[in-house]
Amino acid sequence: MKEKPQKGKSSAGTAAKWKNIKAGKRAVQLLKKILKTNEIWLVPGIAGCIFGFMMLSDVISYRYTPTIYNIQEGSFMNLCFAAGFTGILRFILLYGTRNWDIQSKSFFREWERKQRKWQLILGVIAGAALTAAILNFSHRLNNTWEYGNLSGAYIPLGTVAIQWIVCNFVLNAYMKEQLRRYMENLEQINQKNLEAALRSEQMKVDLISNVSHDLKTPLTSMVGYIELMKKEELSDILSDYIEVLSRKAQKLKEMIDSLFDLAKTSSGNVELHMESLELNRLITQVKADMEDRIAESGREFVVILTEEPTDFTADSGYMYRICQNLLENALKYSQEHTRIFLKTAVTEEGTKVRFEITNTAGYPMNFTKEQIVERFARGDESRTTEGNGLGLAIVNTYTAALGGQFDVTIDCDQFRASAEFFK
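In short, a report on the structure. Computed from a prediction, not measured in an experiment: that's the story for all the values here.

Calculation rules
Residues numbered from 1 in each chain as written. Predicted model: local features only at pLDDT ≥ 70, side-chain atom pairs only at ≥ 80, totals over all residues. Heavy atoms only, no water. 1 Å grid on protein atoms, 1.4 Å probe; cavity = no way out; pocket = protein on both sides within 12 Å on 5 of 7 lines; lining within 4 Å. Points joined across faces, edges and corners; volume = space filled by probe spheres on them. Helix = DSSP H or I, 4+ residues; strand = E, 2+ residues; numbered from the N terminus. Nonpolar A, V, L, I, M, F, W, Y, C, P; charged D, E, K, R; others polar. Pairing = 2+ DSSP bridges. Axes fitted to C-alpha atoms, helices over the stretch in contact; angles between N-to-C directions. Contact = heavy atoms within 4.5 Å. Buried < 20%, exposed > 50% of the residue type's maximum accessible area, 1.4 Å probe, protein only.

**Re the layout of surface pockets**
Approximately 600 Å³ is the volume attributed to the second largest pocket. Surrounding the second largest pocket, 23 residues form its lining, F85, I125, A126, A129 and Q163 being those nearest its centre. Mapped onto the lining of the second largest pocket, the elements with two or more residues apiece are α2 (42-61), α3 (67-96), α4 (107-142) and α5 (151-230). Counting residues per element, the lining of the second largest pocket draws most heavily on α4, which supplies nine residues. The residue inventory of the lining of the second largest pocket, partitioned by class, reads 20 nonpolar, three polar and no charged.

Structural data, given as C-alpha cells:
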C-alpha cells in the first residue's frame, strides 16, 4: 500500500521554497537598486585604493627588493590606484551634481564654478601627495647606505604624476559629458522655440491676410458709393464731407492692399516673374511718375547714376514698388527744404547693383535698423507726418523675396537706405 503524503512536511517544504524565492527576488531587486545608484562606484574605488596603498607600502618599505620587482609592483599599483581614484572621483562627481538641472538658465555658470572648484581640490591633493613623495625621495637619497636601490624613491613620484593625469582625465570627461547634455537640451529648447515662433509668425501672417481680404469687399463698396455720391448735386458742406471721406477711404484701401501684399510675400506664397531690368532706367521712371508729388514737397532731388551697366534680373512689379516706397519714405520723413540724394552703383566685384537713397530726417531718429523695418514701425514717434509704418517693411520683405539685401544706416540726422541685387 502507498503511504499517504504527510501534509505538515509538504506545507513546510513549500513555504520554505517560496521563502527562498522571495529572498532571491529581494536580493536581485537590491542589487539592481545598488547598480542604479552612485554608491556602486565606491566598491571598485575603495578596493582599488586599498590594494594600491598596500603595494605602495611594500615599494617604500622594502630596502633591498630588486628594482625590476619594484617596477612590476609599481605598475600594478598604478592600475589599482587608477581604478580606485576613478571610482571614488566618479562617485564624488555624481553626488556633487545630483541636484543639477540641465534645463536651468544658470547651469553653465554652475558648471564653470564646479569645474574650477574640483580642479583646485585635485591640485591641492596632488600637491600634498607630491610633497610627501619628494620627502620620501630626499630621505632615501640621504640614506643610500641603508637602502639598496632608489626605485622605492622615484616610483612614488611617478605614481603621483600618473594619478594626477588620470583624475584630471576623469574630471574633464565627466564635465564634458554634462556640458554635452546641456547643449543637446539647449538645442532642443531652441528648436522648440523656433518652431513655436514660426507657427506664431505664420498665424499672424494668416490673420493679416484673412482680415485684409475680408476688409477689401466692404471697403470697395464704400468707395464705389462715395464716387456715386460725388456725382450728385450736394451742398458745399456735404461736398467737402464727401471729399474727406473719399480721401480717407482711398488711404485705407491703400493700407489694406499693402497689408495684404506684405502678408502674402512674408508667407512665401508669391509667384515671381523674373526678367531683365536696368536699374538706372527704373529709377528714372519711378522719379518721373512721382514728379508732381516731388514738386509739391519742396524737396530737391539729386540723382547720381553710375555710368556702368546696371542690368540685373528681378520682378519688375516688385522692383517698382521697392523704389517707389523708398522715395515715398524719403518724402514723408525728410526735413522740409532739404535735398534727397538718389544714387546707383555697381559693387566692386561687379556681381551686384545697388540703389541708395539718403535724406535728412525731420525728427529724432531714436531707433535701430531692426526696429524701423518692422511692420507698423515709424521713426516719427509724434506721428506728425503721414504714413502707416509699412513702407520699409514692404521694401525689406520684397527685397528678400528677390534674393537681395536691404540695409539702413543712421548717421546723426542722415538716414540712408540701400538695396542690393545680384546681376
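What follows picks up the thread again.
**Points about the sheet that holds strand β6 (residues 405-411)**
Strands sit in the order β2-β4-β5-β7-β6 across an open sheet of five strands; the sheet is mixed. Taken across any chain shown, the strands that pair with only one partner, and hence form the sheet edges, are β2 (300-304) and β6. When strand polarity is set aside, the average angle formed by the axes of neighbouring strands in this sheet is 15 degrees. Where β2 lies against strand β4 (residues 339-346), five bridges are found, and the strand directions are parallel. Bridging across to β4, E300 finds its partner in R339. In the packing of helix α7 (residues 279-289) onto the sheet, contacts are made with β2, β4 and β5 (352-360), and the angle to β4 comes to roughly 160 degrees. Against the sheet, helix α11 (residues 391-401) makes contact with β6 and β7 (414-422), and its axis sits at roughly 140 degrees relative to β6, the strand it touches most.

**What about the environment of G158?**
In this fold, G158 is placed in helix α5. The class for G158 is partly exposed, based on a relative accessible area of 30%. Distance in space between the C-alpha atoms of G158 and L130 is 9.5 Å, their sequence separation being 28 residues.

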